[in-house]
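The residues making up each chain are set out below.
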Amino acid sequence: MSESVTPRKIRTHTLRDFKKEGRAITMLTSYDTFSASIFDEAGIDVLLVGDSAGNTVLGFDSTVYTKHEDIVRFTGAVARSCERPLVLADLAFGTYQVSVEEAVRHGVELMQAGAQAVKLEGGREVLPQVEALVRAGIPVCGHLGFTPQSVNQLGGFKVQGRGEKADALLADAVALQEAGAFAVVLELVPAPLAARVTETLDVPTIGIGAGAGCDGQVLVWQDMAGLSGFKPRFVKAFADLRSNLMRAACEYGDAVRAGEFPSPEHTFEK
């Protein structure tokens, strides 16, 4: 772990302290024991058990197909595999839109699975759910801008908050803070607007495709590590795991077909 990484357990108030200190917040998605333990050791502050697992783990082309049960299972795996990061779990599509009661019930199940906070998409239209979750003792992170669960309504993967819609997005962010949200994710938002929201809010903002003016950044870990091959403008691959894994798999296959593996050193004779 880098010397610049604080060893203390990250909690929601820690992120607010980081904002006050001007210290950037790091967040990556995680859905399994290996990534969680590695990112913990690397000093990542927040592990997001995202509904993006529907795309990156389960093979769907949209997060709307990710089920609550999937996130519960992945949350448990992550929570059991790390100590320092805050474990943040997504409320899946359909788990909070129907009613406040449903939002709280599903939030409770995620907390019982090991999450320390939950995230949901939307602005002023989900304030009753945010307020009810907070009253129930469940910390809530908001999510504005491009909201993947609403991809069909938004007409595709498009930057949000341009032009006259900027004020509405800012108003949503302020409303989420007033409802008790401890942070707000800003996705695919023009950088000047994201910086304006960040300056306005007392709670931290986490950007993805929202520029450097946010209090922190998040990426899907398979994109960050060059495993997915997904390369939109806002993603930077910090490794090339796809090529490395391909090379290893090819070498393994060649060794098996050539009769070179297993060799005597990998064999039990008695």
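Note on numbering: residues in each chain are counted from 1, in written sequence order. This being a predicted model, a pLDDT of at least 70 is required before a residue's local features are given, and a value of 80 or more before pairs of side-chain atoms are given or counted; all residues contribute to the totals for chains, interfaces and linings. Water and hydrogen atoms play no part in the side-chain values, which are based on all heavy atoms of the structure.

Asks: So what exactly am I meant to see when it comes to the UniProt feature "binding site: Mg(2+)" (unreviewed entry) in the chain here?
Replies: UniProt positions are given in the numbering used here, feature names are shortened, and annotations may be inferred rather than shown by experiment. With numbering aligned to this structure, UniProt lists the feature "binding site: Mg(2+)" (unreviewed entry) at Asp51, Asp90 and Glu121. Taken together, the annotated residues stretch across 71 residues yet fold into one region, lying no more than 11.1 Å apart by C-alpha. Note on classification: 1.4 Å probe, protein chains only; a residue is buried when its accessible area is under 20% of the maximum for its type, exposed when over 50%, partly exposed between these limits. Taking the relative accessible area as the measure of exposure, Asp90 reaches 3% and is therefore buried. The contact definition used throughout considers only heavy atoms, calling two residues in contact when any of these lie within 4.5 Å. Among all residues touching Asp90, those that are not within four sequence positions of it are Leu48, Val49, Gly50, Asp51, Ile71, Leu110 and Lys119. Here a polar contact means two N or O atoms within 3.5 Å. Within protein one must be a hydrogen donor candidate and the other an acceptor candidate, and residues neighboring in sequence count only if both atoms are side-chain atoms. Looking at Asp90, its side chain comes within polar contact range of the main-chain nitrogen of Asp51, at 2.8 Å. Structurally, the position occupied by Glu121 is in the loop between strand 4 (117–119) and helix 6 (127–135). In this structure, Glu121 is in contact with Asp51, Tyr96, Val126, His143, Thr147, Pro148, Gln149 and Ser150, ignoring residues within four places of it in sequence. A helix here means a DSSP run of H or I that spans at least four residues, while a strand means a run of E at least two residues long, and both kinds are numbered starting from the N terminus.

Asks: Just checking my understanding: could you explain the packing of helix 4 (residues 68–79) against helix 5 (residues 100–113) for this structure?
Replies: Between two packed helices, the angle of one axis relative to the other and the distance separating the axes together describe the packing. Think of each axis as a best-fit line through the C-alpha atoms, taken over the contacting stretch in the case of a helix, with angles from 0 to 180 degrees between the N-to-C directions. Where helix 4 contacts helix 5, the two axes come as close as 8 Å, and the packing angle between them is 25°. Overall, the two elements helix 4 and helix 5 adopt an arrangement that is roughly parallel. Seen from above, helix 4 lies across helix 5 with right-handed handedness. For the pair helix 4 and helix 5, contact is made by His68, Ile71, Val72, Thr75, Gly76 and Ala79 and by His106, Glu109, Leu110 and Ala113, respectively. Of the residues contributing to the contact of helix 4 with helix 5, the split by class is five nonpolar, four polar and one charged. By the definition adopted for this analysis, an angle is roughly parallel if under 35 degrees, roughly antiparallel if over 145, roughly perpendicular if from 65 to 115, and oblique otherwise. By definition, any crossing whose near helix is turned counterclockwise from its far helix by less than a right angle is left-handed, and any crossing with a clockwise turn is right-handed. In this classification, the charged set is Asp, Glu, Lys and Arg, the nonpolar set is Ala, Val, Leu, Ile, Met, Phe, Trp, Tyr, Cys and Pro, and all remaining amino acids, among them Gly, are polar.

Asks: Please explain the packing of helix 8 (residues 166–179) against helix 9 (residues 191–200) as it appears in this structure.
Replies: The N-to-C vectors of helix 8 and helix 9 enclose an angle of 30°; their axes lie 10 Å apart at closest approach. Classified by the angle between their axes, helix 8 and helix 9 sit roughly parallel to one another. Both helix 8 and helix 9 take part in a crossing whose hand is right-handed. The segment helix 8 lies against helix 9, with Ala166, Asp167, Leu169, Leu170, Ala173 and Val174 engaging Leu193, Arg196, Val197 and Thr200. Here the contact of helix 8 with helix 9 is built from residues that sort into seven nonpolar, one polar and two charged.

Asks: Any chance you could explain the pattern of salt bridges here in plain terms?
Replies: Where charged atoms from two side chains of opposite charge come close, those side chains can pair. Each reported salt bridge corresponds to a side-chain nitrogen of Lys or Arg within 4 Å of a carboxyl oxygen of Asp or Glu. Tallied over the full model, the rule gives eight salt bridges. Across the pair Asp215 and Lys19 runs a salt bridge, and its minimum N-O distance is 2.6 Å. With Asp215 in the loop between strand 7 (205–208) and strand 8 (216–219) and Lys19 in helix 1 (residues 12–21), this pair connects stretches of sequence that are 196 residues apart. The salt bridge partner of Arg257 is Asp254, with a shortest N-O separation of 3.1 Å. Residue Arg257 and its partner Asp254 are located together in helix 11 (residues 241–257), separated by three residues, close to a single helical turn.

Asks: Is there a simple way to explain the pairing of strand 3 (residues 86–90) in this structure?
Replies: In summary, the side chains of a regular strand alternate between the two faces of the sheet. Within strand 3, five of the five residues are buried, which leaves it mostly tucked inside the rest of the structure. Of the two faces of strand 3, the one carrying Leu86, Leu88 and Asp90 and the one carrying Val87 and Ala89 are both buried. Strand pairing is assigned whenever DSSP identifies at least 2 bridges connecting the two strands. For strand 2 (residues 46–49) and strand 3, the ladder comprises four bridges, and the chain directions are parallel. By the bridge assignment for strand 3, Val46 is matched with Leu86.

Asks: It is not clear to me how the packing of aromatic side chains should be interpreted in this structure. Could you clarify?
Replies: In this description, an aromatic ring pair is defined by two values, namely the gap between the centres and the angle between the planes. Note on aromatic contacts: the rings of Phe and Tyr and the six-membered ring of Trp form a pair at centre separations within 6.5 Å, being stacked when their planes are under 30 degrees apart, edge-to-face when over 60 apart, and tilted otherwise. What the rule picks out here adds up to four aromatic pairs. Measuring from centroid to centroid gives 6.1 Å for Tyr252 and Phe261, while their planes differ by 65°, and the two rings are edge-to-face. Two limits define a charge over a ring: the Lys NZ or Arg CZ must be within 6 Å of the ring centre, and within 35 degrees of the ring normal. Directly above the ring of Phe18 sits Arg23, whose terminal nitrogen or CZ lies 4.7 Å from the centroid.

Asks: Explanation requested: a nonpolar patch on the surface in the structure shown.
Replies: Taken together, Val57, Leu58, Phe60 and Tyr65 make up a surface patch of nonpolar side chains, about 340 Å² in accessible area. Relative to the helices and strands, Val57 resides in the loop between helix 3 (53–56) and helix 4. Patch definition: residues above 30% relative accessible area lacking any salt bridge, with like charges linked at up to 9 Å and the nonpolar side chains Val, Leu, Ile, Met, Phe, Trp and Tyr linked at up to 5 Å. The Shrake-Rupley method, run with a 1.4 Å probe sphere, supplies the accessible areas, and residue values consider only the shown protein chains as cover.

Asks: Got a minute to help me understand the sheet that holds strand 4 in this structure?
Replies: Hydrogen bonds along the backbone pair up the strands of a sheet, which may run parallel or antiparallel. Taken in spatial order, the eight strands line up as 1-2-3-4-5-6-7-8 and close into a barrel, and their pairing is parallel. Strand-to-strand, the axes of this sheet are offset by a mean angle of 25°, without reference to chain direction. In this sheet, strand 8 lies alongside strand 7 in parallel orientation, the contact comprising two bridges. Bridge pairing in strand 8 places Ile206 opposite Gly216.

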